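# Analysis of the macromolecular model
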Amino acid sequence: MLKPLADRVIVKMLEKEETTKSGIILSSKSEEKSQIAQVLKVGNGIGEDGKKVDMCVKEGDKVVLNQYAGTTIKYEGEELIIVKYSDILAVVE
Amino acid sequence: MLKPLADRVIVKMLEKEETTKSGIILSSKSEEKSQIAQVLKVGNGIGEDGKKVDMCVKEGDKVVLNQYAGTTIKYEGEELIIVKYSDILAVVE
Amino acid sequence: MLKPLADRVIVKMLEKEETTKSGIILSSKSEEKSQIAQVLKVGNGIGEDGKKVDMCVKEGDKVVLNQYAGTTIKYEGEELIIVKYSDILAVVE
Amino acid sequence: MLKPLADRVIVKMLEKEETTKSGIILSSKSEEKSQIAQVLKVGNGIGEDGKKVDMCVKEGDKVVLNQYAGTTIKYEGEELIIVKYSDILAVVE
Amino acid sequence: MLKPLADRVIVKMLEKEETTKSGIILSSKSEEKSQIAQVLKVGNGIGEDGKKVDMCVKEGDKVVLNQYAGTTIKYEGEELIIVKYSDILAVVE
Amino acid sequence: MLKPLADRVIVKMLEKEETTKSGIILSSKSEEKSQIAQVLKVGNGIGEDGKKVDMCVKEGDKVVLNQYAGTTIKYEGEELIIVKYSDILAVVE
Amino acid sequence: MLKPLADRVIVKMLEKEETTKSGIILSSKSEEKSQIAQVLKVGNGIGEDGKKVDMCVKEGDKVVLNQYAGTTIKYEGEELIIVKYSDILAVVE
């Protein structure tokens, strides 16, 4: 598996119309790319300046990403995105 | 529901000519997009550098947004905007 | 009324040739937009980093604005500008 | 009169070939705009971050400005420039 | 050998389809440049401002780089990349 | 004379092939503008943030300037350059 | 000789295929400019903000430079480069 460094988080985009655990239908504008992703791995939160960033997300959380944020990589057949914590805008409760 | 992270706030744009609780008619230039929105959810105010931002808005407040601020998402059929607290210019009293 | 947040100030542009309280004729270059405005409301001065900005203007003050500063909104029929305190260059005494 | 805010200074450009108090002829390149101005009013020196800037110029000083610095306004028939103290490069002694 | 200065790391890009020690096939999008590299040398972590950066990678680690990060050099026949630690996004575990 | 403010230095470009006190011929690329100048006046070194910059140059020093640095002014018939101390790269010993 | 100021270093580019003291052939991509240089002089390391930068290079060191870094000058017939310490990526050991 991949371990994100510092204040980074590894996420996987969710398919549209995918049902959340709580039964909520998450759907973004049909003509736009979905911005909802699931958290796979969370970094240790120690930022570049040595300060601890409080990472308020955990594995499995569904989150809304800043559009165009992060770096997309293909790893073991899956397309993953590595984002900075600050590019996570909100958590689906 | 969505929980905004850090110093972010989730708002919903108000229709023009919508009457506020206090009976005030809020209307922006008819040829421009309304910049008045209603606060739905407020983050915990802990910014990216770990410092606490004093979030002087609360659920239900009507606020004036910085134009073009924030990220628009569609969530459960509603169009929401996630903005930084610093993109909220004023509160309707 | 609108309450400006943080280190913001709400002002209203003055018409050219408008007489100030003290009888001074304020006029800017006739071919340019007037840059003199009247202060309507002053924020609490607590900036985004939590530090207190000393807001040396008060309601009724006539001020010179940085050109193109601020966000123009129409509120209850009046065109107002919400500016950062740092975009106020000088006060008419 | 106008009172500059914070670390700002109000100056007035000097005509070329104008004689200084000390009898020195100040002249800039004839094909360029003069960059020498006279200080009319000095702000209190408290910058945007609340720190005191040591303003080493006083009313009447002749100063060299950073080219294109400041905001030009017309006030009571006179063309004035409001500059940041940091845009004053040197003082004529 | 080359010793990277400060918070820099020297890495070597891995060929696609290269097998990791743990038997994992690392492969990035076939139409894009691989972003997985192996760490050869790690700087002492003292950044430009004198603060110690906690360098959570070590010689031999396989890492995901920020695309386009770093400076490519040819040294003793090998193509190496010198990157800032902050351009390493994740470590393959 | 002109007194530079803050961390600024007033210099005068040297003609090419000019002999230094120590008898060294200073010459820059014949097809480029000389980058060697002589220090005329040094500011008090108190920067914009109130911190003291250690100005390691003195009147008469020959210095190498950052190309395109500073503001050129004509003062009493002489072409002078006002540069920030940080635009002085080296001193000729 | 030239004395670099602050956190600057004076270097001289090495010819390709030049043999290092240790017998290593340093060669960069034949179609690109060599990025390996020799250190001639090191500044005192006191940066613009008054903080001491730990300069981990010394006279005679062979170093890898950030491409396009620094200012090239011709001094006493030799082409020298004045770079910031932070533009030195690595040292040849």
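What counts and how
- Residues numbered from 1 in each chain as written.
- Chains lettered and ligands numbered in written order.
- Predicted model: local features only at pLDDT ≥ 70, side-chain atom pairs only at ≥ 80, totals over all residues.
- Heavy atoms only, no water.
- Helix = DSSP H or I, 4+ residues; strand = E, 2+ residues; numbered from the N terminus.
- Buried < 20%, exposed > 50% of the residue type's maximum accessible area, 1.4 Å probe, protein only.
- Contact = heavy atoms within 4.5 Å.
- Areas by Shrake-Rupley, 256 points an atom, 1.4 Å probe, with all protein chains shown as cover.
- Pairing = 2+ DSSP bridges.
- Axes fitted to C-alpha atoms, helices over the stretch in contact; angles between N-to-C directions.
- Buried area = accessible area lost by both parts, 1.4 Å probe.
- Polar contact = N/O pair within 3.5 Å; in protein donor to acceptor, adjacent residues only side chain to side chain.
- Nonpolar A, V, L, I, M, F, W, Y, C, P; charged D, E, K, R; others polar.
- Salt bridge = Lys/Arg side-chain N within 4 Å of Asp/Glu carboxyl O.
- Patch = residues over 30% accessible without salt bridge, like charges linked within 9 Å, V, L, I, M, F, W, Y side chains within 5 Å.
- Lys, Arg positive; Asp, Glu negative; His and termini not counted.
- Charge placed at Lys NZ, Arg CZ, Asp CG, Glu CD.
- pLDDT = per-residue confidence, 0-100.

## What about the overall build of chain A?
A tally of regular secondary structure across chain A gives 0 helices and 7 strands. Listing each helix as α and each strand as β along chain A from the N terminus yields β-β-β-β-β-β-β. The buried share of chain A, taken over its 93 residues, is 49%. Of the contacts made within chain A by residues no fewer than 6 positions apart, 61% connect residues no fewer than 24 positions apart. Here chain A has roughly 4,500 Å² of accessible surface; of this, 47% comes from carbon and sulfur atoms.

## A look at the pairing of strand β3 (residues 36-42) of chain B
Residue and element names in this part refer to chain B. Strand direction decides the pairing type here: strand β2 (residues 8-13) and β3, joined by 5 bridges, are antiparallel. Bridging from a neighbouring strand, lysine 12 pairs with glutamine 38 of β3. Looking at chain direction, β3 and strand β4 (residues 62-65) are connected through 3 bridges and run antiparallel. Bridge pairing links isoleucine 36 to valine 64 in β4.

## Comments concerning the sheet that holds β2 of chain B
With antiparallel pairing, 7 strands are arranged side by side in an open sheet as β5(B)-β6(B)-β2(B)-β3(B)-β4(B)-β7(B)-β1(C). Two strands in the sheet have a free side with no partner beyond their single neighbour: β5 (71-75) of chain B together with β1 (2-4) of chain C. Strand-to-strand, the axes of this sheet are offset by a mean angle of 40°, without reference to chain direction.

## Here we look at the interface of chain E and chain A
Listed by partner, the interface residues are 21 residues for chain E and 19 residues for chain A. Summed over both sides, the interface between chain E and chain A buries roughly 1,700 Å², with carbon and sulfur atoms accounting for 55% of that surface. Run the count over chain E and chain A and you get 5 residue pairs in polar contact (both at pLDDT 80 or more). Here the side of chain E that touches chain A gets 5 residues from one element, more than from any other, and that element is strand β7 (residues 88-92) of chain E. Counted by class, the side of chain E that touches chain A contains 13 nonpolar, 5 polar and 3 charged residues. In terms of strand pairing, strand β1 (residues 2-4) of chain A meets β7 of chain E through 3 bridges, oriented antiparallel.

## Looking at the sheet that holds strand β1 (residues 2-4) of chain D
Ordered in space as β5(C)-β6(C)-β2(C)-β3(C)-β4(C)-β7(C)-β1(D), the 7 strands form an open sheet in which the pairing is antiparallel. A strand with exactly one partner marks an edge of an open sheet, and here the two such strands are β5 (71-75) of chain C together with β1 of chain D. Neighbour-to-neighbour, the strand axes of the sheet open up by a mean angle of 40°, direction not taken into account.

## Remarks on the pattern of salt bridges
All names here are of chain E. Tallied over the full model, the rule gives 21 salt bridges over all chains. Aspartate 61 is the partner of lysine 58 in a salt bridge, and the nearest nitrogen-oxygen pair spans 3.0 Å. Residue classification places aspartate 61 among the buried residues on the basis of a relative accessible area of 12%.

## Here's the deal with the pairing of strand β4 (residues 62-65) of chain G
Residue and element names in this part refer to chain G. Burial along β4 is two-sided: the face carrying Lys62 and Val64 and the face carrying Val63 and Leu65 are both buried. Across 3 bridges, β4 lies against strand β7 (residues 88-92) in antiparallel orientation. Across the sheet, leucine 65 pairs through a bridge with isoleucine 88, a residue of β7.

## Digging into the environment of isoleucine 73 of chain F
Mapped onto the elements of the fold, isoleucine 73 of chain F is located in strand β5 (residues 71-75). Classification of isoleucine 73 of chain F as buried rests on a relative accessible area of 6%. In contact with isoleucine 73 of chain F, other than residues within four places in its own chain, are Gln35 and Val64 of chain D together with Leu2, Glu78, Glu79, Leu80 and Ile82 of chain F.

## Comments concerning the side chain of threonine 71 of chain F
Relative to the helices and strands, threonine 71 of chain F resides in strand β5. Setting aside its immediate chain neighbours within four residues, threonine 71 of chain F contacts Gln35, Asn66 and Leu89 of chain D together with Leu80, Ile81 and Ile82 of chain F.

## Quick look at the environment of threonine 71 of chain D
The exposure class assigned to threonine 71 of chain D is buried, which follows from its relative accessible area of 13%. When the C-alpha positions of threonine 71 of chain D and aspartate 61 of chain D are compared, they lie 19 Å apart, and in sequence the two are 10 residues distant.

## Concerning the interface of chain C and chain B
The interface is formed by 19 residues belonging to chain C together with 21 residues belonging to chain B. Interface area lost by chain C to chain B is led by Lys3, Leu5 and Lys74 of chain C, which between them contribute 30%. Put simply, chain C and chain B have 0 salt bridges between them. On inspection of chain C and its partner chain B, the count reaches 5 residue pairs in polar contact (both at pLDDT 80 or more). Secondary-structure elements contributing two or more residues to the side of chain C that touches chain B are β1, β2 (8-13), β5 and β6 (78-84) of chain C.

## Thoughts on the environment of alanine 37 of chain F
Residue and element names in this part refer to chain F. Locating alanine 37 in the fold gives a position in strand β3 (residues 36-42). For alanine 37, a relative accessible area of 0% translates into the label buried. Here alanine 37 is in contact with Val11, Lys12, Met13, Leu14, Asp61, Lys62, Val63 and Leu65, once residues within four sequence places are set aside.

## Quick word on unusual backbone geometry
Phi angles above zero are rare outside glycine, and tyrosine 68 of chain D is one such case at about 70°. A positive phi angle is found at alanine 6 of chain G, which is not glycine, with a value near 55°. One can find alanine 6 of chain G in the loop between β1 (2-4) and β2 (8-13). Judged by relative accessible area, alanine 6 of chain G falls into the buried class, the value being 10%.

## Considering a positive patch on the surface
A grouping of Lys51 of chain A, Lys51 of chain B, Lys51 of chain C, Lys51 of chain D, Lys51 of chain E, Lys51 of chain F together with Lys51 of chain G is seen on the molecular surface, where their side chains present a positively charged patch. Along the chain, lysine 51 of chain E turns up in the loop between β3 (36-42) and β4 (62-65).

## Observations regarding the confidence of the model for chain A
Residues and elements named next belong to chain A. The predicted model of chain A has a mean per-residue pLDDT of 83, with 80% of residues at 70 or higher. Note on residues 19-25: pLDDT is under 50 here. Beyond four places in sequence and across chains, it has 14 contacts. Predicted confidence for residues 27-31 stays below pLDDT 50, and this span has 12 contacts to residues more than four positions away or in other chains.

## Notes on a negative patch on the surface
Together, Asp49 of chain A, Asp49 of chain B, Asp49 of chain C, Asp49 of chain D, Asp49 of chain E, Asp49 of chain F together with Asp49 of chain G give the surface a local cluster of negative charge. Inspection of the secondary structure assignment puts aspartate 49 of chain A in the loop between β3 (36-42) and β4 (62-65). We classify aspartate 49 of chain A as partly exposed; its relative accessible area is 43%.

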